[in-house]
Amino acid sequence: MDAKIREFFDSVGSFFSGGDNIPWCDRDIIAGCEREVAESGNAESENESLMRLSWALVHSRHPEDVNRGIGMLEASLDNSASPLQSREKLYLLAVGYYRNGDYPRSRQLLERCLEIAPDWRQAQTLRKVVEDRIAKDGVIGIGIAATAVGLLVGGIAAVVARKK
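All of these numbers come straight from a predicted model, not from anything done at the bench.

*Asks:* Honestly, helix 5 (residues 83–100) in this entry has me stumped. Any pointers?
*Replies:* With 18 residues, helix 5 ought to run about 26 Å at 1.5 Å a step, and its terminal C-alpha atoms sit 25 Å apart, in line with that. Taking burial as the measure, the 18 residues of helix 5 include 13 buried ones, the bulk of the element. Directly beyond the C-terminal end of helix 5, a positive phi value near 85 degrees is found at Gly 101.

See below:
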């Protein structure tokens, strides 16, 4: 019985906290990646450095960094040399949009990513997190709408009762 109660409270806590396991990145790591890009010697090392910088930016706690990472990835998406590189960029874009709260766009990018690599567990896991978040937002929206309707009906009932 204790286990069931604990499981219930854990699920409620997870519902309200978000429950994703996507790592965060600090600004000092971003600064290190920016130095790495500036110091890169050839095109191949620059591309690798830009991918690391993009990863760091979309995993940042700061929305301006996330937006910058999204911009970099979108600008470079058409220049992907291989399906593997496209998959990585699509995944990082999905992380960025997830961080910004644009869950439908994140889900759309993950679907494209999984078309390239259907068995990629990292993308499958993020897709589940995104879908859970979309469902949670829908439940919260329905709750807010129901509360608003209840308050409106209650207010009307109070006005009608007062006039009698």
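*Asks:* Please clarify how the pattern of salt bridges should be interpreted in this entry.
*Replies:* It is possible for side chains of opposite charge to pair when their charged atoms get near one another. Going through the model one piece at a time under the given rule, you end up with seven salt bridges. For Arg 87, the salt bridge is made with Glu 88, and the minimal N-O distance between the two is 2.8 Å. We classify Arg 87 as buried; its relative accessible area is 15%. One salt bridge in this structure joins Lys 128 and Asp 132, with 3.0 Å as the shortest N-O distance. Here Asp 132 and Lys 128 lie together in helix 7 (residues 121–163), a separation of four residues that amounts to about one turn. Given the relative accessible area of 41%, Asp 132 is considered partly exposed.

*Asks:* What is the right way to read helix 3 (residues 43–58) from this model?
*Replies:* Helical geometry: 3.6 residues make up each α-helical turn, so side chains three or four residues apart lie on a common side. With 16 residues, helix 3 should reach 22 Å at 1.5 Å per residue; the first-to-last C-alpha distance of 22 Å fits that figure. Restricting attention to buried positions, one finds in helix 3 the residues Ser 49, Met 51, Leu 53, Ser 54, Ala 56, Leu 57 and Val 58. Those residues of helix 3 that are buried lie in contact with helix 2 (27–39), helix 4 (63–76) and helix 5. For helix 3, the N-terminal cap is Asn 42; the gap from its side-chain oxygen to the backbone nitrogen of Glu 44 is 3.2 Å.

Conventions used here
- Residues numbered from 1 in each chain as written.
- Predicted model: local features only at pLDDT ≥ 70, side-chain atom pairs only at ≥ 80, totals over all residues.
- Heavy atoms only, no water.
- Helix = DSSP H or I, 4+ residues; strand = E, 2+ residues; numbered from the N terminus.
- Expected span 1.5 Å × (residues − 1).
- Buried < 20%, exposed > 50% of the residue type's maximum accessible area, 1.4 Å probe, protein only.
- Salt bridge = Lys/Arg side-chain N within 4 Å of Asp/Glu carboxyl O.
- Contact = heavy atoms within 4.5 Å.
- Polar contact = N/O pair within 3.5 Å; in protein donor to acceptor, adjacent residues only side chain to side chain.

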